[in-house]
Amino acid sequence: MNNEEEKEIRQEKERIDQMIVEIDHAIKKLHNRGSDVKSDALELRKTFWQDVTVNLDEPDDVIETFTSIKQQAELLSERERSHGQIHKRLKTLARLKDSPYFGRIDFKEEGEEVESVYLGIASFMDRNEEHFLIYDWRAPISSLYYDFPPGPASYVTPEGMISGEMTLKRQFIIRNGKMISMFDTGITIGDELLQEVLGSNATTQMKSIVATIQKEQNRIIRNEKSKLLVVQGVAGSGKTSAALQRVAYLLYRYRETLASENIMLFSPNPLFNSYVSTVLPELGEENMKQTTFQEYLDSQLGSHYRVEDSFSQLEFLLNEESSAYYHTRMASIRFKGSLSFKDYIDSFLDSIHLGGLYFKNIFFRGRVIVSKMDILDQFYQLDMKMSIANRIQIVQDWIIKCLRTQAKKEQKKSWVEEEIQLLEKEDYLAAFNAYKKKHRYKKDTFNDFEEEKKFLVKQVVNREMKPLIRSVKQLRFIDMKKIYQQIFTEQIPFTQELPAEWEQICQISITALQKNILSYEDATPFLYLKERIEGKKVNLSIRHVFIDEAQDYSPFQFAYLKELFPYSKMTLLGDMNQAIFLHSKDMVNIFQEDPDSEKETIVLTKSYRSTKQIVEFTRGLVLDGDKIEPFNREGRKPTLTIVSDEQDLKWKVLERIHKLRHRGYQTIAVIGKNANEAKQAFLALADQIDGYLMEKGSIHYEKGLVFIPAYLAKGIEFDAVIMYNASQKNYGREMERELFYTSCTRAMHELHLYSLGTESMFISRQPETTYDVLENYENMKLQERKL
Ligand SMILES: Nc1ncnc2c1ncn2[C@@H]1O[C@H](COP(=O)(O)OP(=O)(O)OP(=O)(O)O)[C@@H](O)[C@H]1O
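Model, not experiment: these values are computed from the prediction. (Residues numbered from 1 in each chain as written. Predicted model: local features only at pLDDT ≥ 70, side-chain atom pairs only at ≥ 80, totals over all residues.)

1. Re the overall build of the protein chain
Rules: Segments assigned H or I by DSSP are reported as helices when at least four residues long, segments assigned E as strands when at least two residues long, and all are numbered from the N terminus. Any residue surrounded by 20 or more other C-beta atoms within 10 Å of its C-beta is treated as buried, while 12 or fewer makes it exposed and the intermediate range makes it partly exposed; C-beta atoms here are placed from the backbone. Each residue is represented by a C-beta atom placed from its backbone, and any two residues with such atoms within 7 Å are regarded as in contact.
Scanning the protein chain from N- to C-terminus turns up 27 helices and 26 strands. The dimensions of the protein chain, computed from C-alpha atoms along their principal axes, are 105 × 85 × 55 Å. Expressed as a percentage of its 787 residues, the buried residues of the protein chain come to 36%. Summarising the internal contacts of the protein chain: among those between residues at least 6 apart in sequence, 73% fall at separations of at least 24.

Now the structure itself:
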């Protein structure tokens, strides 16, 4: 190191020390303000009722009282809000104190002096609030750091483009307020830093990547224009990372108008939800709303139908090949996920304008009081030009009117008298309280016996009628199951071709519906039809929707989501090579070009997660793998161990786990092809070693050894992956390629494949140089030859 370099390091260290002093000062100041605001809020809460005038004598007084309470409540909530903001800022300052910044650029804007810009997770100003000591990584000027090497550079601000020259680009690793290392970088954002970050151990929670965002990823993060942003990225290319930093960016860029509750992330499973949940808080932002598509389906349909989940569908496809209706179901899944099926339902909807809706009788105390035929007549009497949903609305009002008329009639019936006699004391008291409320608490007793009786009669009838009215309001009088069933029983005029297996598809669909089962492939079409009849559901509060693992959505599901969030921008992230669900393969998928002019596609080809050796192996597993570029991080080659029986498998895997632990790896996954295999592996090893079994209900995972089915490992990563049985018997079908690839690409540092008998064709077709064959292999081959 020369003198100049030493001097630079010293100066940077001094600056960090100064920065810590400044941050400490800001923390102290804010702390004092926080205490004042907190005691203000506490005081306000204590004296809340002293400062409002409560007078309910006259209507005017009531209004005045109301206004005074409202004012007081607003004052209190304003104090509490600012206390919340102070608390949030204090947390950010604590993070800045630990690591004030991670980058520096010196930029000379045309015609200006050189300015040193330090980048951190949040901005920080000097005591006079005149200069930025640290710039937020999301500030317009910060994009220089991600987009350019030293040399000519420019960035976009709301006022226009600013050009100039970057004279220095530097990176820091600062922990506990002390500089650990510093590098000046060239073309990309420091290989050194990225090497260091990627070389560390996997964690059970995803980390933020703001210090090392790559140029292509930055395009995703800062994209503001596209209504539909499609990110196609290879495994481990940072799709999820980019999505989460994009959320943080949007929250910063539109902080006046956009809040975290206006952003929704659809993730592949609940485990993934918890995996990503710490990234935004780490960046000082609140988490966006998170859900899974399954959760959404369950919330809409789960209370009335047995909705099959996506994993059960996948398990069927993986395990039930011998089932009599396997091929029919495959065809059914394909067709029901397609836009043709959506068109088919639309044709059906056109036909039921004229006839074919089904309703249910409405019963009251065991008698039909509004018959399904009457409802049907009422519906079809209405003007055909009105939409179905509008007509349903009118019919609903009509039924409620009928129920109200019926309620009046019921009041005169003898059962009401009997019920009154049987009223429990509590029921009577409840009725009396309702009476008092109705008379604005001005009456302490019923006026006379007649009045009491009249009131109780009404109460008793209303009590019985209420649930009925509620269910009419929920449109439960529509017989949705029967209506949907017609899709499979009626001849529907349709110009496109139906699948060759249509007849059998109809049969299996009807059988399931009769058992009240909505298979996963039926759930979205059913919901679509239901909403077309009942009135479309749209969500207006969500402004940005993110769909991770988007390749696993069928075109039908995607079209449904687009209609559900008509005013949202969408970001889709996916990788066709990880399309584990049948409907997402070999058919038009949501990534394929469509003439949507507002759509922008960004392709990520570099894989950051795994070592170069693992990527060199995994890219051979997929068809267009030569486009996958490994990040240059060295590691061990993947290994293949062929074993002859279950016992051998158990001991070899156990030995491997011990070795991995010895090397310091803390998250190790034994990945099974399905839930059953993961469980078997767990049971086989449970008496020898501590580990967790992850099942589809699991919502988080801990450091250590996990046994997990491949589909649950989607989106997450481990230090080392052990594939429990990568045999040809287990992975011998072309349709299992993506599942195999997904499992292997979960590994960051080591990948070990075990095979009970001959290894899968996905392995044997790989160049031999990409993996090491261990132990028994030669013996096995010899035996095979002898046989
Ligand atoms: N720019 C980056 N700097 C540091 N780490 C990065 C960067 N980009 C990606 N990574 C790391 O690479 C790993 C994979 O990232 P991520 O999970 O976002 O990829 P993905 O494309 O969603 O993967 P998959 O589709 O395989 O689930 C993570 O550990 C992430 O932290």
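2. Some details on the site of the ligand
Where we set the bar: As a rule, any residue with its backbone-derived C-beta atom within 6 Å of a molecule or strand is reported as near that molecule or strand. Note on residue categories: nonpolar means Ala, Val, Leu, Ile, Met, Phe, Trp, Tyr, Cys or Pro, charged means Asp, Glu, Lys or Arg, and polar means any other residue, Gly included.
Of all residues adjacent to the ligand, which total 24 residues, the nearest are Thr 212, Gly 238, Lys 239, Thr 240 and Ser 241. Counting only elements with at least two residues in the shell around the ligand, the list comes to helix H4 (191-199) and helix H6 (239-253). The class makeup of the residues in the shell around the ligand is seven nonpolar, 12 polar and five charged.

3. A closer look at unusual backbone geometry
Phi at Glu 129 is positive, roughly 55 degrees, even though this residue is not glycine. Relative to the helices and strands, Glu 129 resides in the loop between strand E3 (124-125) and strand E4 (132-136). We note that Glu 549 has phi near 55 degrees; this positive angle belongs to a residue other than glycine. Looking at the element boundaries, Glu 549 is found in the loop between strand E15 (544-547) and helix H21 (555-564).

4. What to know about the pairing of strand E8 (residues 228-233)
Counted only if it meets this: The pairing criterion for strands is at least two bridges between them, as found by DSSP.
With five of its six residues buried, E8 lies for the most part within the structure. Direction of pairing for E8 relative to strand E16 (residues 569-574): parallel, over a ladder of five bridges. Each residue of the ladder has a partner; that of Val 230, found in E16, is Leu 572. Looking at chain direction, E8 and strand E17 (residues 599-604) are connected through six bridges and run parallel. Among the inter-strand pairings, Val 231 is bridged to a residue of E17, identified as Ile 602.

5. Considering the domain arrangement of the protein chain
Put simply, the rule reads: As annotated, the domain borders come from an automatic or database domain assignment.
As far as domains go, the protein chain holds domain 1 (3-186), domain 2 (362-436 + 449-474) and domain 3 (631-784). A straight line from the C-alpha centre of domain 1 to that of domain 3 covers 46 Å.

6. Some words on helix H9 (residues 293-301)
Just so we agree on the cut-off: Throughout, the arc means the angular range of directions from the helix axis out to the C-beta atoms.
All of the buried residues along H9 are Phe 293, Gln 294 and Leu 297. The buried residues of H9 occupy an angular sector of 100 degrees when projected down its axis, which confines them to one face.

7. Here we look at the environment of Val 230
You can see Val 230 is positioned in strand E8. For the pair Val 230 and Met 161, spaced 69 residues apart in sequence, the C-alpha separation works out to 26 Å.

8. A few points about the sheet that holds E16
Applicable threshold: To obtain each axis, a line is fitted to C-alpha atoms, and for helices this fit is confined to the stretch in contact; angles are then taken between N-to-C directions over 0 to 180 degrees.
The parallel open sheet is built from six strands, whose spatial order is E10-E9-E15-E16-E8-E17. Two strands lie at the open edges of the sheet, namely strand E10 (289-291) and E17, each paired on one side alone. Taken over all neighbouring pairs, the strand axes of this sheet differ in orientation by 15 degrees on average, direction set aside. The pairing of strand E9 (residues 263-266) with E10 spans three bridges and is parallel. Across the sheet, residue Phe 266 finds its bridge partner in E10, namely Thr 291. In the packing of H6 onto the sheet, the strands contacted are E8, E9, E15, E16 and E17, and the crossing angle to E16 comes to about 160 degrees.

9. Thoughts on the sheet that holds strand E26 (residues 772-774)
Pairing is parallel across the open sheet formed by seven strands, whose spatial order is E22-E23-E21-E24-E25-E20-E26. Each end of this open sheet is capped by a strand with a single partner; those strands are strand E22 (692-693) and E26. Of the pairings in the sheet, the one linking strand E21 (residues 667-672) to strand E24 (residues 718-723) comprises four bridges and is parallel in character. Within E24, the position partnered with Val 670 by the bridge is Ile 722. Against the sheet, helix H24 (residues 675-685) engages E21, E22 and strand E23 (704-709), with an angle of about 145 degrees to E23. Sheet contacts for helix H25 (residues 737-744): E21, E24 and strand E25 (747-756); angle to E24, the most-contacted strand, approximately 140 degrees.

10. As for the UniProt feature "binding site: ATP" (unreviewed entry) in the protein chain
What counts here: UniProt positions are given in the numbering used here, feature names are shortened, and annotations may be inferred rather than shown by experiment.
Taken from the UniProt record, the annotation "binding site: ATP" (unreviewed entry) applies to Gly 233, Val 234, Ala 235, Gly 236, Ser 237, Gly 238, Lys 239 and Thr 240. By secondary structure assignment, the location of Gly 233 is in strand E8. The contacts of Gly 233, once residues within four sequence positions are left out, are Gly 238, Lys 239, Leu 573, Asp 575 and Leu 604. Take Gly 238: it is sitting in the loop between E8 and H6.

11. A closer look at the pairing of E23
Buried residues dominate E23, accounting for five of its six residues. Pairing of E21 with E23 involves six bridges; the strand directions are parallel. Paired with Ile 668 across the two strands is Leu 705, which belongs to E23. Alignment of E22 against E23, held across two bridges, turns out to be parallel. Bridge pairing in E23 places Leu 693 opposite Phe 707.

12. Here we look at the packing of helix H14 (residues 388-410) against helix H20 (residues 520-534)
Quick reminder of the rule: Roughly parallel here means an angle under 35 degrees, roughly antiparallel means over 145, roughly perpendicular means 65 to 115, and every remaining angle is called oblique.
At a minimum axis distance of 6 Å, the contact between H14 and H20 shows a crossing angle of 60 degrees. Classified by the angle between their axes, H14 and H20 sit oblique to one another. Where H14 approaches H20, its residues Ile 388, Ala 389 and Ile 392 are matched on the opposing element by Arg 532, Ile 533 and Glu 534. For the contact of H14 with H20, the residue count by class is four nonpolar, no polar and two charged.

13. Points about the packing of helix H11 (residues 326-336) against H20
Just so we agree on the cut-off: Crossing handedness is defined as follows: a turn of the near helix away from the far one that is anticlockwise and smaller than a right angle gives a left-handed crossing, while the clockwise case is right-handed.
It is the contact of H11 with H20, at a shortest axis distance of 9 Å, that shows an interaxial angle of 30 degrees. By the angle class used here, H11 and H20 are roughly parallel. Taken as a pair, H11 and H20 cross one another with a handedness that is left-handed. Contacts from Ser 332, Ile 333 and Lys 336 of H11 reach H20 at Glu 521, Asp 522 and Pro 525. Here the residues of the contact of H11 with H20 are counted per class, giving two nonpolar, one polar and three charged.

14. Things to note about the environment of Tyr 701
Tracing the chain through its elements places Tyr 701 in the loop between E22 and E23. Overall, Tyr 701 belongs to the buried group, with 21 C-beta atoms counted inside 10 Å. As a C-alpha pair, Tyr 701 and Ser 274 span 427 residues in sequence and 8.4 Å in three-dimensional space. Non-local contacts of Tyr 701, meaning those with residues more than four positions away in its chain, are made with Thr 204, Leu 271, Tyr 692, Met 694 and Val 706.

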